Amino acid sequence: MTAPTVTLSGVAKRYGRIEAVKNVSFELEQGQTVALVGHNGAGKTTLIKLMLGLIRPTQGTVQVLGEDPARGDFAVRQRLGYLPESVSFHMALTGRETLAFYARLKRVDMSDMEGLFERVGLAPAAADRPVRTYSKGMRQRLGLAQALLGAPRILLLDEPTSGLDPALRRNFYELVSGLRSAGTTILLSSHALTELEDRTDRVIIVNEGVAIADGTLEKLRGIARLPTRISVTLADGAGITAPSGGQVAWKAIRDRTFEAEVAPENKISILRDVTADPAAVAALHVVEPTLDELYAHFLGGRGMTR
Amino acid sequence: MNNILIVARKEIQEGLRNRWVLATTLLLAALALTLSFLGSAPTGNVGVNQLDVVIVSLSSLTIFLVPLIALLLAHDAIVGEVERGTMLLLISYPISRRQIVFGKFLGHLAILAFATLFGYGTAAAALAMTGTEIGLASWWAFLAMIASSILLGMVFIAIGYVTSALSSERSTAGGIAIGVWLFFVLIYDMALLGALVAAEGRPLPSGLLDVLLVLNPTDAYRLLNLGSGEAGALSGLGGIAGHTGLNGPMLVAALVAWIAAPLALALRIFSRREL
């Protein structure tokens, strides 16, 4: 078992009278892909800045690769890659000059710049044009290229897919899964949850500066106990009555189609009851709760306890 | 150390790309050429070394123009990058804020030095090519004038960084920079003149005059270039120079202090700024 690459313990950050982050603790293991999810202004960017050592916590400690990132000779930053939210560059320089500048600062060999441009999908012709002429997507790709300089062990990506079209988004997640298998720890923040499904090992939900949920998607689903929606369409021969199944409240949606919300622990037995006579069932849909519903649940639950 | 050079190189690259270097060099060269040929016409051939005339007129030009160029270059340096969002990425790299400020300073200094050297240099070269005889002493005075002009530029680059580190918006930094320029170039001397008039001819204690002249970097520059030798006689500033206890090295030291103090202040403000 390797030591965690990032450790936050009891971290709080206050800006004047505003508490951006309150008592947050978590660890990121090596090779994990973690999604940091929350509304705009929930404290995601502040957490990332704390991990980069750009700001110091008011309370608690931040450890990145065993060091305090805000202290010392910034050696730890050599092994970090960061993509800021809505990244911007010096407009007058070309993409190639921009990347060369950052590569020099990170003491990275510049011989493989072509490969890097190719990986993020920036054409060589575009790399020689001034950044001024770039579209949002191209700028984002250049941003990703600079974050990948020097094969960092930890990648901190703040809203990496905002402004990308669906094709680029898919491209981006392919890149991320490639990095994940290479053992890179990736933290990406987002407020678009549905696109994260199946792409992260773990989700941390932040609201008003507090980490309100932390775990794998399965674990979070278990905690939330959100009902699974089952809809059944009965075959022609069967009677037009709701399927049997004890304590379930079936609702008629359309002719012969019934829907029910079932608790996770009853799911299997109800499915067995419904499918007891295969000939009677024309169609069956089982819809697990989506990430958006999960997210709404955690935010809602938080609101109620107040 | 290396990081400073990397940042300086990027600043120069940007200066070349957005035509800052070209524009300032051309502007200084055009004005210098105009002054050296039109300005020397009335003096005719009365035995005054022509290059000395050029030194006097170029020094007066420098006092207005070089601080303005320096402030225009510098006021954007920190707040501009913060506002555009490039600073956030830069400080996430293994580079200290001190290295960022020094690197920018070195880059801006190089741009300004290039413009001054080549802009003013063309005037001297043109004068030499038209067959004017120029003494060795005049050449040295001319070189000293260029060197001190660059020194004056450095002062205002450093002051520009202070306004840039203080402001939260570019427009604020620009406004403060214009205010600083007006104060040092126009208002300060007018106020000083007013005070002398109000004193009704009573001589100021010479120590006070020295302090007042050193408290404004443009006055220190003026005295340095116009206060002695041929130039002193031509500009009429030799009179004041005779009354102060300030000599060349002291004036240079004052200018250096005027560079170091604002630069240290800008660094202090920038280091404490949270992004």
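These numbers were taken from a predicted model, which means no experiment stands behind them. (Residues numbered from 1 in each chain as written. Chains lettered and ligands numbered in written order. Predicted model: local features only at pLDDT ≥ 70, side-chain atom pairs only at ≥ 80, totals over all residues.)

1. Re the overall build of chain B
When helices and strands are counted, chain B shows 13 helices and 0 strands. In chain B, the succession of helices and strands from N to C terminus is α-α-α-α-α-α-α-α-α-α-α-α-α. Per-residue burial for chain B yields a buried fraction of 43% across its 275 residues. Nonlocal contacts in chain B, meaning residues at least 24 apart in sequence, comprise 84% of its contacts between residues at least 6 apart. (Helix = DSSP H or I, 4+ residues; strand = E, 2+ residues; numbered from the N terminus. Buried ≥ 20, exposed ≤ 12 C-beta atoms within 10 Å, placed from the backbone. Contact = placed C-beta atoms within 7 Å.)

2. Observations concerning the overall build of chain A
Helix and strand counts for chain A come out as 9 helices and 13 strands. Dimensions of chain A along its principal axes, counting C-alpha atoms only, are 75 × 45 × 40 Å. For chain A, the proportion of its 306 residues judged to be buried stands at 36%. By sequence separation, contacts in chain A at least 24 residues apart represent 72% of the contacts at least 6 residues apart.

3. Thoughts on the interface of chain B and chain A
Residue-level contacts link 19 residues of chain B with 22 residues of chain A. Broken down by secondary-structure element, the contributors of at least two residues to the side of chain B that touches chain A are helix 1 (2–17) and helix 5 (86–91) of chain B. Here the element with the most residues in the side of chain B that touches chain A is helix 1 of chain B; it accounts for 6 residues.

4. Re the pairing of strand 9 (residues 210–215) of chain A
A regular strand places its side chains so that they alternate between the two faces of the sheet. Residue and element names in this part refer to chain A. Bridge count for strand 8 (residues 202–207) against strand 9 is 5 bridges, and the pairing is antiparallel. Its bridge partner lying in strand 9, N207 is registered against V210. Hairpin remark: strand 8 followed by strand 9, antiparallel, with 2 residues in the connecting loop; positive phi at E208, about 50°. (Pairing = 2+ DSSP bridges.)

5. What about the pairing of strand 8 of chain A?
As paired elements, strand 3 (residues 33–37) of chain A and strand 8 of chain A share 4 bridges and run parallel to each other. Looking across to strand 8 of chain A, one finds that L36 of chain A is bridged to I204 of chain A.

6. With respect to the domain arrangement of chain A
Once the domains are mapped, chain A shows domain 1 (6–222) and domain 2 (227–288). The centre of domain 1 of chain A, based on its C-alpha atoms, is set 44 Å off from the matching centre of domain 2 of chain A. (Domains from an automatic or database assignment.)

7. Side note on the sheet that holds strand 4 (residues 59–64) of chain A
Residues and elements named next belong to chain A. Taken together, the 3 strands give an open sheet; going across it, the order is 2-1-4, and neighbouring strands pair in antiparallel fashion. A strand with exactly one partner marks an edge of an open sheet, and here the two such strands are strand 2 (18–28) and strand 4. Within the sheet, the average angular offset between the axes of one strand and its neighbour, ignoring direction, is 25°. As paired strands, strand 1 (residues 6–15) and strand 4 are joined by 5 bridges and run antiparallel to one another. Across the sheet, residue L8 finds its bridge partner in strand 4, namely V62. (Axes fitted to C-alpha atoms, helices over the stretch in contact; angles between N-to-C directions.)

8. Some details on the UniProt feature "transmembrane region" (unreviewed entry) in chain B
Residue and element names in this part refer to chain B. Here the UniProt feature "transmembrane region" (unreviewed entry) sits at residues 20–41, 53–74, 105–127, 139–162, 174–199 and 250–270. Secondary structure across residues 53–74 comprises 100% helix and 0% strand; the distance between its end C-alpha atoms is 31 Å. In the segment residues 174–199, helix accounts for 96% and strand for 0%; the C-alpha atoms at its two ends are 36 Å apart. (UniProt positions renumbered as here; feature names shortened; annotations may be inferred.)

9. A look at the sheet that holds strand 9 of chain A
Residues and elements named next belong to chain A. Pairing is mixed across the open sheet formed by 6 strands, whose spatial order is 5-6-7-3-8-9. The open sheet has two free edges, formed respectively by strand 5 (80–83) and strand 9, since each of these has just one partner strand. For this sheet, the mean angle separating the axes of adjacent strands, direction not counted, is 15°. For strand 6 (residues 154–158) and strand 7 (residues 185–190), the ladder comprises 5 bridges, and the chain directions are parallel. Its bridge partner lying in strand 7, D158 is registered against S189. Packed on one face of the sheet, helix 1 (residues 44–52) meets strand 3, strand 5, strand 6, strand 7 and strand 8 and runs near 150° to strand 6.

10. Regarding the environment of N171 of chain A
Residues and elements named next belong to chain A. Counting through the fold element by element, N171 comes out in helix 6 (residues 166–181). By the C-beta count within 10 Å, which is 18 here, N171 ends up partly exposed. Separated by 120 residues in the primary sequence, N171 and L291 have C-alpha atoms spaced 21 Å apart.

11. Topic: unusual backbone geometry
Residue and element names in this part refer to chain A. Although it is not a glycine, S86 adopts a positive phi angle of roughly 40°. Inspection of the secondary structure assignment puts S86 in the loop between strand 5 and helix 2 (95–105). In this structure S86 comes out as partly exposed when scored by C-beta crowding, with 13 C-beta atoms within 10 Å. In the Ramachandran plot, E159 falls in the positive-phi region, its phi being about 50° despite a non-glycine side chain.

12. Quick look at the packing of helix 6 (residues 97–129) of chain B against helix 7 (residues 136–166) of chain B
All names here are of chain B. Interaxial distance between helix 6 and helix 7 falls to 9 Å at its minimum, and their mutual angle equals 145°. For the pair helix 6 and helix 7, the crossing hand works out as right-handed. Side by side, helix 6 and helix 7 meet where V101, F105, H108, L109, L112, A113, T116, L117, Y120 and A124 of the first sit next to F142, I146, S149, I150, G153, M154, I157 and Y161 of the second. The residue inventory of the contact of helix 6 with helix 7, partitioned by class, reads 14 nonpolar, 4 polar and no charged. (Left-handed = near helix turned anticlockwise from the far one by under 90°. Nonpolar A, V, L, I, M, F, W, Y, C, P; charged D, E, K, R; others polar.)

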